[in-house]
Amino acid sequence: MNKNKKKSVPQTTITRDLGEFSQKTGNLYESVVIMAKRSNQIAAATKQDLETKLQEFATYSDGADEVQNNEEQIELSKFYEKLPKPVLVAAKEFQDDELVFSNPMEEPGDDDTEDSL
């Protein structure tokens, strides 16, 4: 996840208009699934990014393979803890029309066009 992409995402839960979410897809539940999938993508990317950076700080002792903590590692962990929750970022992206999505169950020929012979 790009650290500079920490837009104006609220850190707390806020009340949202469900009608606004359902307008984009025509179905509230479809909108929730889209946001949930995006939230999972954000969480996975953030976790992978954090684990990669924490591996740089890992030093293993000879005996019990203990991982030693240092100040930089603690500061890095605190930074990631302060990031907005992935579900809040996904909801903000969905609300701001920053997500591109499609429904694979809807076939492109299902609209009201005539079939040519």
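Being a predicted model, the structure only gives us computed values, none of them experimental.

### A look at the pattern of salt bridges
- On inspection of all chains with the given rule, the structure shows four salt bridges.
- One salt bridge in this structure joins Asp 49 and Lys 53, with 3.7 Å as the shortest N-O distance. With Asp 49 and Lys 53 both in helix 2 (residues 28-57) and four residues apart, the pair spans about one turn of that helix.
- Across the pair Asp 96 and Lys 92 runs a salt bridge whose closest N-O atoms are separated by 3.6 Å.

### Describing the packing of helix 1 (residues 18-25) against helix 2
- Two elements in contact, helix 1 and helix 2, have axes separated by 7 Å at closest approach and are oriented at 90°. Between helix 1 and helix 2, the crossing angle belongs to the class labelled roughly perpendicular. Along the contact surface, helix 1 presents Leu 18, Phe 21, Ser 22 and Thr 25, while helix 2 presents Leu 28, Glu 30, Ser 31, Ile 34 and Met 35.
- By residue class, the composition of the contact of helix 1 with helix 2 is five nonpolar, three polar and one charged.

### Side note on helix 1
- The N-terminus of helix 1 is capped by Asp 17, whose side-chain oxygen sits 3.2 Å from the backbone nitrogen of Gly 19.
- Residue Gly 26 follows helix 1 closely and has a positive phi angle near 90°.

### Description of the confidence of the model for the protein chain
- On average, residues of the protein chain score 78 in pLDDT, and 73% of them are at 70 or above.
- Contacts from residues 112-117, a stretch scored under 50 in pLDDT, to residues over four places away or in other chains number zero contacts.

### As for unusual backbone geometry
- Phi angles above zero are rare outside glycine, and Asp 97 is one such case at about 55°.
- Secondary-structure assignment places Asp 97 in the segment after helix 4 (86-95).

### Brief notes about the packing of aromatic side chains
- For the coordinates displayed, the defined rule picks out three aromatic pairs.
- Here the basic side chain of Lys 24 rests over the ring of Phe 94, its NZ or CZ set 5.9 Å away from the ring centre.

### Thoughts on the environment of Phe 101
- Position of Phe 101 relative to the elements: it lies in the segment after helix 4.
- Residue class for Phe 101 comes out partly exposed when judged on its relative accessible area of 34%.
- C-alpha separation for the pair Phe 101 and Ile 34, spaced 67 residues apart in sequence, amounts to 7.5 Å.
- Here Phe 101 is in contact with Lys 24, Thr 25, Ile 34 and Phe 94, once residues within four sequence places are set aside.

### A closer look at the packing of helix 1 against helix 4
- Following both chains from N to C, one finds helix 1 and helix 4 inclined at 60°, their axes separated by 10 Å at the closest point. Our classification of the angle between helix 1 and helix 4 gives oblique. Note that helix 1 runs across helix 4; the crossing there is left-handed. For the pair helix 1 and helix 4, the contacting residues are Glu 20, Phe 21, Lys 24 and Thr 25 in the first and Ala 91, Phe 94 and Gln 95 in the second.
- Looking at side-chain class alone, the contact of helix 1 with helix 4 contains three nonpolar, two polar and two charged residues.

About the criteria used
Throughout this document, residue positions are counted from 1 along each chain, in the order its sequence is written. In keeping with the predicted nature of the model, local features appear solely for residues at pLDDT of at least 70, side-chain atom pairs appear and are counted solely at 80 or more, and the whole-chain, interface and lining totals rest on all residues. Hydrogens and water are ignored here; the side-chain numbers use all heavy atoms of the structure. The working definition used for a salt bridge is a side-chain nitrogen of Lys or Arg within 4 Å of a carboxyl oxygen of Asp or Glu. The secondary structure listing takes helices from DSSP runs of H or I that are at least 4 residues long and strands from runs of E that are at least 2 residues long, numbered from the N terminus. Angular values range over 0 to 180 degrees, each being the angle between N-to-C directions of two axes fitted as lines to C-alpha atoms, with helices fitted over their stretch in contact. Note on terminology: angles under 35 degrees are roughly parallel, angles over 145 are roughly antiparallel, angles of 65 to 115 are roughly perpendicular, and the others are oblique. In this description, contact between two residues means that some pair of their heavy atoms is separated by no more than 4.5 Å. All residues other than Ala, Val, Leu, Ile, Met, Phe, Trp, Tyr, Cys, Pro, Asp, Glu, Lys and Arg, Gly among them, are scored as polar; the first ten of these are nonpolar and the last four charged. Polar contact is the term for a pair of N or O atoms within 3.5 Å; when the atoms are in protein, one must be able to donate a hydrogen and the other to accept it, and sequence-neighboring residues count only if both atoms are side-chain atoms. Each residue gets a pLDDT score, which is the predictor's confidence in that residue and runs from 0 to 100. Only Phe, Tyr and Trp rings take part, Trp by its six-membered ring, and two of them pair if their centres are within 6.5 Å. Stacked means planes under 30 degrees apart, edge-to-face means over 60, and tilted covers everything else. The criterion for a charge sitting over a ring is simple: Lys NZ or Arg CZ within 6 Å of the ring centre, and within 35 degrees of the ring normal. Buried means the residue's accessible area, taken with a 1.4 Å probe over protein chains only, is under 20% of the maximum for its type, while exposed means over 50%, and partly exposed covers the values in between. Rotating anticlockwise by less than a right angle from the far helix to the near helix defines a left-handed crossing, while the corresponding clockwise rotation defines a right-handed one.

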